[in-house]
Amino acid sequence: MKRLHWDRRLLLSVSILLIADAPIPIIPARQSAQTDLAPLVSPPPTPLAKTLSPFQNGRHKPSPTEQSIHEAMQAATQEPRLHGYLNAVQVYPFADGMIYRVYAAPERITDLALQPGEALGSVAAGDTVRWVIGDTSSGSGSDKRTHILLKPFTAGLSTNLVITTDRRSYHLSLSSTVATAMSAVSWTYPQDALIALKHAKDVAEASAPIAAALSVDQLEFGYIISGDSPEWRPVRAFDDGRQTFIEFPASLSVGEAPPLFILGDKGEAELVNYRVRGHFYIVDRLFTAAELRLGTTHQDVVRITRRAGVPAVRHARRAV
C-alpha cells in the first residue's frame with residue numbers, strides 16, 4: 001500500500017516536468033475583436049445602382065409588382081457626382097418625381113438649401129427617432145432662403161425625407177455612414193429658367209415695334225370692322241402698301257386667337273399666312289375683305305373690309 005502511494009507521487013512529478021518543458025501555445029485573438037473597432041474613414045458611398053436589392057437576402061421572393069417598384073425607384077434616384085459639386089455643395093438639377101440621395105454621418109450637420117424666395121410648407125421623415133431634422137433660414141426679403149438641417153444618431157441608417165413648399169415637392173433618400181457626410185445640397189431649376197427666358201422674350205416682343213421703318217405717311221387706315229362683338233374683336237386695321245396690320249385688344253395674348261380668312265371675289269374663304277406680334281396680326285399682302293372666325297356651336301364672325309373710297313390700284317402700285 002505504501003509502495004503504491006510512492007508510485008503515484010512519482011507519476012505526478014514526471015507529468016509536471018513534461019508539462020513544464022512543453023512549448024506554450026499561442027491562442028489566436030478572437031475574430032470579433034477586429035470588428036469591434038470602427039475604421040477611422042468609411043469607404044465611399046456605393047451608388048444605388050450597385051447596391052443589393054432588398055429582395056436578394058433570400059428571405060423574400062418579390063412579386064413582379066414589387067420588383068417593378070424597386071427598379072423604378074432605382075432609375076429615379078440621383079446619386080452625388082464629383083462634377084455636380086460647386087465647392088462643397090452638391091448641386092442637383094431639379095425635376096418632378098426624382099429622388100435625391102443624401103449621405104450624412106453622426107456628429108455632422110448636412111444642409112439642404114431650397115430656392116431663394118421659396119416658402120417652406122412641411123417636412124416629413126420616415127425615421128424621426130434616430131434622425132435629428134430641423135429648419136432655419138438665411139437672407140431676407142426676396143432673397144430669404146430656407147435650410148433643412150439633418151443629422152443621424154449613428155451610422156448604418158437609411159430613411160426617406162419629403163419636403164413640400166409653395167413651389168414644389170422634394171423627395172430625398174437619406175443614408176448615414178461612419179464619417180462620410182455631404183456638407184450641403186442645393187438645386188438648380190431648369191424649368192424656371194426656361195419660363196424666365198420665355199417671359200423676357202414675350203416682354204421684348206411686346207415692346208418692340210410691329211414693323212421696322214414704318215412711316216405714318218404711308219399708312220392707310222381705310223378699313224371697316226363689322227360683324228359680331230366678341231372680346232377679341234379688332235380695334236383697327238391698316239396697311240403700309242405691302243402689309244396689312246390688324247390690331248387686337250391686349251387681352252388677345254391671354255385668350256384664344258381667331259384664324260383669319262381672306263374672301264375672294266365670289267365670297268369664298270381661304271386661309272392666309274400671317275404672324276402674330278404682340279396683339280397684332282401681320283399679313284404679308286393686301287386684301288379687299290377678310291373674316292376672323294372662332295367657335296364651333298356658336299361661331300363669332302368679324303369682317304374687315306377696305307372702304308370703297310380706297311382704290312386697290314393705289315395699293316398695287318405701292319406694293320410694287
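Read on for a plain summary of the structure. Source: prediction; values computed, not measured.

**Details of the packing of aromatic side chains**
Reasoning step 1: Counting across every chain of the model gives 12 aromatic pairs.
Reasoning step 2: Between the aromatic rings of F94 and Y100, the centroid separation amounts to 6.3 Å while the plane-to-plane angle is 25°, which identifies the pairing as stacked. Both residues of the pair, F94 and Y100, belong to the buried class.
Reasoning step 3: An angle of 80° between the planes, with centres 5.7 Å apart, marks the rings of Y100 and W187 as edge-to-face. Linking Y100 in strand 4 (residues 99-104) with W187 in strand 11 (residues 184-188), this pair joins segments that are 87 residues apart in sequence.
Reasoning step 4: A connected cluster of aromatic rings, assembled from ring pairs, spans Y92, F94, Y100, Y170, W187 and Y189.
Reasoning step 5: When the ring centre of F261 is taken as origin, the NZ or CZ atom of R293, which lies over that ring, is 5.0 Å away.

**As for the sheet that holds strand 10 (residues 169-176)**
Reasoning step 1: Ordered in space as 1-4-10-9-6, the 5 strands form an open sheet in which the pairing is mixed. Across the chains shown, the open sheet's two edge strands, defined by having one partner strand only, are strand 1 (77-78) and strand 6 (120-125).

**A short note on the environment of L174**
Reasoning step 1: The residue L174 is located in strand 10 in this model.
Reasoning step 2: With a relative accessible area of 1%, L174 lands in the buried category.
Reasoning step 3: Taking C-alpha positions, L174 is 9.8 Å from G126, a pair spaced 48 residues apart along the chain.
Reasoning step 4: When near neighbours in sequence (up to four residues on either side) are disregarded, L174 contacts V102, W131, L150, L157, S158, T159 and L161.

**A short note on the sheet that holds strand 13 (residues 236-239)**
Reasoning step 1: If you trace the 4 strands from one edge of the open sheet to the other, you get 13-14-18-17, paired in antiparallel fashion. The open sheet has two edge strands, strand 13 and strand 17 (274-277), and neither has a second partner. Each neighbouring strand pair of the sheet contributes to a mean axis angle of 20°, computed without reference to strand direction.
Reasoning step 2: In terms of strand pairing, strand 17 meets strand 18 (residues 280-283) through 4 bridges, oriented antiparallel. Pairing of Y274 across the sheet is with V283, part of strand 18.

**Quick word on the pairing of strand 19 (residues 289-294)**
Reasoning step 1: Counting buried residues in strand 19 gives 5 out of 6 residues, a clear majority hidden from the surface.
Reasoning step 2: In this structure, strand 19 lies alongside strand 20 (residues 300-306), joined through 6 bridges in antiparallel fashion. Looking at the pairing, A290 lines up with I304 of strand 20.
Reasoning step 3: The hairpin formed by strand 19 and strand 20 contains 5 residues between the paired strands, and G295 there has a positive phi angle of roughly 125°.

Calculation rules
Residues numbered from 1 in each chain as written. Predicted model: local features only at pLDDT ≥ 70, side-chain atom pairs only at ≥ 80, totals over all residues. Heavy atoms only, no water. Phe/Tyr/Trp six-rings, centres within 6.5 Å; stacked < 30°, edge-to-face > 60°. Buried < 20%, exposed > 50% of the residue type's maximum accessible area, 1.4 Å probe, protein only. Helix = DSSP H or I, 4+ residues; strand = E, 2+ residues; numbered from the N terminus. Lys NZ or Arg CZ within 6 Å of the ring centre and 35° of its normal. Pairing = 2+ DSSP bridges. Contact = heavy atoms within 4.5 Å. Axes fitted to C-alpha atoms, helices over the stretch in contact; angles between N-to-C directions.

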